[in-house]
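Report on the structure
Here's the letter readout for the chains.
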Amino acid sequence: MSAREKVAANVANYVDERTGAASWMKKNLQKVFPDHWSFMLGEIALYSFLILLLSGTFLTFWFDPSMRHVVYEGSYQPLKDVEMSAAYASTLHISFDVRGGLLMRQIHHWAALIFMAAIVVHLLRVFFTGAFRKPREFNWILGIALLTLGIVEGFLGYSLPDDLLSGTGIRIAHAIIQSIPVVGTYLSFFAFGGAFPGEVFIPRIYIVHVLLLPGIFLALITVHLMLVWYQKHTQYPGPGRTEKNVVGYPLMPVYMAKAGGFFFIVFGITALLGAVASINPIWLYGPYTPGQISAGSQPDWYMGWLDGLVRMAPPIETYLFGYTVSWNILIPGLIIPGIIFTGMALYPFIESWMTGDKKEHHLLDRPRNVPNRTALGVMSLTFMLVALINGGNDIIATHFDLTINQIMWFSRIGIIVLPPLAFVITKRICLSLQRADRELVLHGKETGRLVMLPHGEFIEVHEELSAEKKYTLTQHQQPAAIALVKEDARGVLNPKGIRAKLQARFSAANAENIAKPTPDELKQLEGGHH
Amino acid sequence: MSSELEPLADPGLPEHIHRKADTDPIAAKRAERQVAVLFSLSAFGTVLFLFSFFFVDEDQFIFVPIMGSTNAHQLGIGIGMAMSLLFIGFGAVHWAKTLMPDQEVIAYRHEMRSEDSDRQDFVKAAKAGAETAGLGRRPLIKRSLAAAAGLAGLPAIILLRDLGPLPGNSLNETNWKTGTRLVTDPGDRPIKASDLEVGGVAQVMPALAAGKKRTLEDIAKDAVLLIRLRPAEFQLDAERLSWTHEGIIAFSKICSHMGCAVALYEQTTKHLLCPCHQSTFDVTRAAKVIFGPAARPLPQLAITVDSEGYLVAKQPFTEAVGPSFWERKS
C-alpha cells in the first residue's frame, strides 16, 4: 500500500465507522444512467440554479433592497444628482462601480432566462416521451411546482432594481392583485403596506426572492432528484432495453466526469453571454415613477404569454350590486393561468384515466406512437405561442411594419381557432409517420437503385432494415379502446354513466393508430420479392 | 388494455465497438494530450481574467468586430471567466468520451411497490399504533385536537394584520380639489391656457401646499395629461364640454386598465395609447376606449381658470382613477 492509499484508507475507515456509508456508496458509485442528449435538459436547469445561487449571493453583497430616496452620486454621469430609490442606486453602483458587478448581474439575468428555458424544454421532453407516467407522477407535479415558482421568482428578481421598466411590471402585478373579487383591495394594501407603490414592497419581495423561494427550490429540487435516483431513470426503447432493466454508463467515473464537466460548460456559456450580450440595461430606463413609462414595455420571455393574454382580453367589466369585477384582468391574469397550471399538474392522472393504463412505464414513448398525447401537447403549445406572440405585439408591429390592431385581431381569433387545428394536423402527421414506420419495417429502406429484371420489369431495390432497427420500430404496445359497458349481465345500468361514456370516447381516440407489422406479416413477405 | 400482438424478437444489445483510443496506445496518448491542452486553455482564461481585472483600466474602450466599441475591462474579465470555466468542462467531457470506459452496462429495476408481506406488516403496525393511541376509541380527544390545531393556525394569519393599513376611502381620493392649480411636471410652475399650443400635450400635477413634498403615491393617483385641441374637434356632451377650457382637456394619466402611465399621444388621430397593453383612448370623445383591453374611459378632470388666469381644477375627479377594484363605484 502506498502512503497515499494509506491516508485514503484511514479517512474512509474513519467516516465509515461513524456513518456506515461504504455499503451505500459501493452500490451507488456503480449506479447506471442511460445516455441521451435529451436527458441533459433537466441538468441545464439544475446547473443554472446553482449559477443563480452563486451569482445572486455575489449581488446581495452590494444590493440595497430599500425604497428610501437617495440622490445618485455614482460614476454614471447621465443620472448624476437624480433622485431615486436606494435599490436603483445600488443596482447602478453594482453595474458601474463594482469590478465584475455588471458581469455578475448579466450572468444572473442570463442564468435566469436559461433556467426557465431549460425547465420548459425539459418539461416538453418529459411530456412528449410519456416519462410522467406511473410511477413518476409525483415527480411531474414537483416539476410543475418548480416551473410555477420559477416564473414567480424570475418576476420578483427583475422587479428588484426598481427601474422604470420593472416598476411598471410591479404596477401591473398590483392591478392583478387589486382585481381579485372581495379581498383584492385589502390584499393589495397588505402587500404594498398601503397605497401603490409605497416604500415596503421591494424589501418584502427581496426576502422572498433571496431566501424563501430559493429555500423552497432547494427542497423541491432535492426531492425531485432523489426520486429520479430511487426510481431509476427512464430510457428510450431499443434492442436490449426493457421495462425491467436500465442500460447505460456507471456514475463513477463516466457520469461524474460528464455531468461535472457539463456544469462548467453551462456556467461557461452563461459567463460568455454575460460578457458579450447586454441584458436589462437598467441605467437606460431611469428610476421608477408612476407618471412615466417607456414605449415597448416588455416582460421577460417566460411572462410574455401572460402579458399577451392580458393584452388580447376583450374589454369586459361588470358593475353589479355596487361591486366591480374586472373580467378583462381576472380571466387572462388569474383564471386561464390557473386552469393551465392545474391541468398540467393533473395531466398524468387525466391520461391514465382516459387510456385506462395503470401499469408502470420505464421505456419512453416515441411521440408519433402516442398521437393523441402528442397532438394535445402541440395544441397547448400553439395556445401559448399565440399568447406569447401577442405579448410582443408592439415589438412585432414596429419590426414587421404591421399595425397593433392586425396582430391583436390575429391573436384574438387565432388563440381560439389555431389550437384545435394544431391538434388535428399533429395527429394526422403522427399517423402518417406510423405508416412510414410500418412501410420501413415491411419493405425496407428505398435505396434509389433501379434494377431491370431479365423479363424487362424495373424495380427499385429496397434495403432490409437491421434486426435492431426493426425491433426499435415495433417494440411499443398499441392500446385497445376501452369497451363501453352500458349495463351489466343482469341489466343494471353502469353506475358511472356519463363518465364511462366519456372514458370510452377518449380511449377510442387514444387507440387510433396504424397497426404495426406483426411477425406473421414479416414472415409472409420474406422470400417473396418486393 | 392493449391488443397484445406478439412483438418482434428482441435482438439484444448490439455488439460493442471499440474506440480507437481503446486499442491504439498512440491514439490514447493523443487523447490524453488533447484533454491536457483543454485544461491549460482554462488556466489561460483565468490569467486573462486576472490581468483584465487588475491591469485594464475600467474606462478603456477597444474596437471589437461585430460588437463595435466595447469596454475592454468588462470584456476581458468576462471572456477570461468564461474560458476558465468552459475549458474545464470541455476537457472533462472529452476525457470521459475518449478515455473512460464506453461499454454500456445493464442494471435491473425493481417494481416500486413493496412486497405483499411488507405491505401487510405495515398495515398491521399502523393499525396497532393507532389502536394503542386509542384514537378510534376516544373521539373526544380526536375532535378537541382537530379544533385546537385548526385554531392554532389563526394567530399566524392575525399576525400579518399590520402588513398594511385598511384601504378605507383612499382609492377614491386624489389631491385634486376644487380650485387646485395645475402645475407643470417637472418644474411645479402654474400654467395658463396660453402656455399650451393647439396640438400640444403636457403632464401636470396638482399644486401642493407649501412645504409638502410630492410622493410617488401622490403621482400614482394625481398624474394628469393636458391636451389642447381646436374646440370644434371635440365630440362631447354639454357637461363634459364644460369641463374643458379653450380646447384644453384634462385626463388622468393613469390607465383605467392596469395603472400604467398612458403616455403615447398620437397627434394626427387624437388617440392616447397605453404602451403596456395597447388600450387606445379617443381624446375627442372623452377618452372613450376604441381598442384594447381597457373597459373604461380615462377619468376626465374638469378644469377652468382662476382669477389670475391660471388653470385650476373645477372640482375633484368624479370617479376613482387607475385600475378597477371590487368596491369601485362606476
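These lines cover the structure that appears in this document, whether it is placed above or below.

Conventions used here
Residues numbered from 1 in each chain as written. Chains lettered and ligands numbered in written order. Predicted model: local features only at pLDDT ≥ 70, side-chain atom pairs only at ≥ 80, totals over all residues. Heavy atoms only, no water. Disulfide = S-S within 2.5 Å. Helix = DSSP H or I, 4+ residues; strand = E, 2+ residues; numbered from the N terminus. Buried < 20%, exposed > 50% of the residue type's maximum accessible area, 1.4 Å probe, protein only. Pairing = 2+ DSSP bridges. Contact = heavy atoms within 4.5 Å. Buried area = accessible area lost by both parts, 1.4 Å probe. Salt bridge = Lys/Arg side-chain N within 4 Å of Asp/Glu carboxyl O. Polar contact = N/O pair within 3.5 Å; in protein donor to acceptor, adjacent residues only side chain to side chain. Phe/Tyr/Trp six-rings, centres within 6.5 Å; stacked < 30°, edge-to-face > 60°. Lys NZ or Arg CZ within 6 Å of the ring centre and 35° of its normal. 1 Å grid on protein atoms, 1.4 Å probe; cavity = no way out; pocket = protein on both sides within 12 Å on 5 of 7 lines; lining within 4 Å. Points joined across faces, edges and corners; volume = space filled by probe spheres on them. Nonpolar A, V, L, I, M, F, W, Y, C, P; charged D, E, K, R; others polar.

Here we come to the state of the cysteines. All names here are of chain B. If you walk through the whole model with that rule in mind, you get 1 disulfide over all chains. Covalently, Cys-260 is tied to Cys-276 through a disulfide, its sulfur atoms 2.2 Å apart. Torsion about the S-S bond of the Cys-260 and Cys-276 cystine: about -90°, corresponding to left-handed handedness. Of the two residues, Cys-260 is situated in the loop between β7 (248–252) and β8 (264–266) and Cys-276 in the loop between β9 (271–273) and β10 (280–282); the sequence distance between them amounts to 16 residues. Owing to a relative accessible area of 3%, Cys-260 belongs among the buried residues under this scheme. We note that Cys-274 lacks a disulfide partner, and the nearest cysteine sulfur, in Cys-255, lies 3.9 Å from it. A residue is classified by how much of its surface remains accessible, and Cys-274, at 2% relative accessible area, is buried.

All names here are of chain B. Reading across the sheet, the 5 strands line up as β4-β5-β6-β7-β12 and stay open at both edges, with antiparallel pairing between neighbours. At either margin of the open sheet sits one strand with a lone partner, and together these are β4 (182–184) and β12 (300–301). Alignment of strand β6 (residues 224–228) against β7, held across 5 bridges, turns out to be antiparallel. Bridging from a neighbouring strand, Val-224 pairs with Ser-252 of β7.

Before going further, it helps to examine the interface of chain A and chain B. Contacts between chain A and chain B engage 115 residues on the former and 91 residues on the latter. Between chain A and chain B lies a buried interface of about 8900 Å² when both sides are counted; carbon and sulfur atoms form 65% of it. Our count for the chain A to chain B interface comes out at 3 salt bridges. Viewed at the interface, chain B and chain A are joined by 27 residue pairs in polar contact (both at pLDDT 80 or more).

In this section: the packing of aromatic side chains. Summed over all chains, the structure comprises 35 aromatic pairs over all chains. Their ring planes at 75° and their centres at 5.5 Å tell us that Phe-263 of chain A and Phe-264 of chain A sit as a pair that is edge-to-face. With 5.2 Å between their ring centres and 70° between their planes, Phe-53 of chain B and Phe-54 of chain B make a pair best called edge-to-face. Using a relative accessible area of 19% as the deciding quantity, one classes Phe-53 of chain B as buried. We classify Phe-54 of chain B as exposed; its relative accessible area is 52%. Ring pairs connect the aromatic residues Tyr-47, Phe-262, Phe-263, Phe-264 and Phe-267 of chain A, which therefore count as one cluster. Between Arg-412 of chain A and the ring centre of Trp-409 of chain A, over which it is positioned, the NZ or CZ distance is 4.9 Å. One residue, Arg-412 of chain A, lies across the ring of Phe-291 of chain B, its end atom 5.8 Å from the ring centre.

Let's shift gears to empty space enclosed by the protein. This structure, assessed with the given rule, holds 3 cavities of 30 Å³ or more. Approximately 120 Å³ is the volume found for the largest cavity. If you trace the largest cavity, you find 16 residues lining it, with Arg-171, His-174 and Gln-178 of chain A together with Leu-171 and Lys-221 of chain B closest to the centre. Elements that contribute at least two residues to the lining of the largest cavity include exactly α7 (164–178) and α8 (184–191) of chain A together with α7 (216–222) of chain B. Among the residues making up the lining of the largest cavity, the classes are represented as 8 nonpolar, 5 polar and 3 charged. For the second largest cavity, the calculated volume is near 70 Å³. Those elements that provide at least two residues to the lining of the second largest cavity are α16 (404–443) and α17 (467–474) of chain A. Looking at the lining of the second largest cavity, its residues break down into 4 nonpolar, 5 polar and 3 charged.

Negative phi characterises most residues that are not glycine, and trans characterises most peptide bonds. Phe-196 of chain A connects to Pro-197 of chain A through a cis peptide bond whose omega is -5°. Looking at the secondary structure, you find Pro-197 of chain A in the loop between α8 and α9 (201–231). You will see that Phe-321 of chain A, though not glycine, has its phi angle at about 50°, which is positive. Structurally, the position occupied by Phe-321 of chain A is in the loop between β5 (318–320) and β6 (323–325). Look at Phe-321 of chain A and you get exposed, because its relative accessible area is 79%. Phi angles above zero are rare outside glycine, and Ala-286 of chain B is one such case at about 55°. Within the element layout of this structure, Ala-286 of chain B appears in the loop between β10 and β11 (288–291).

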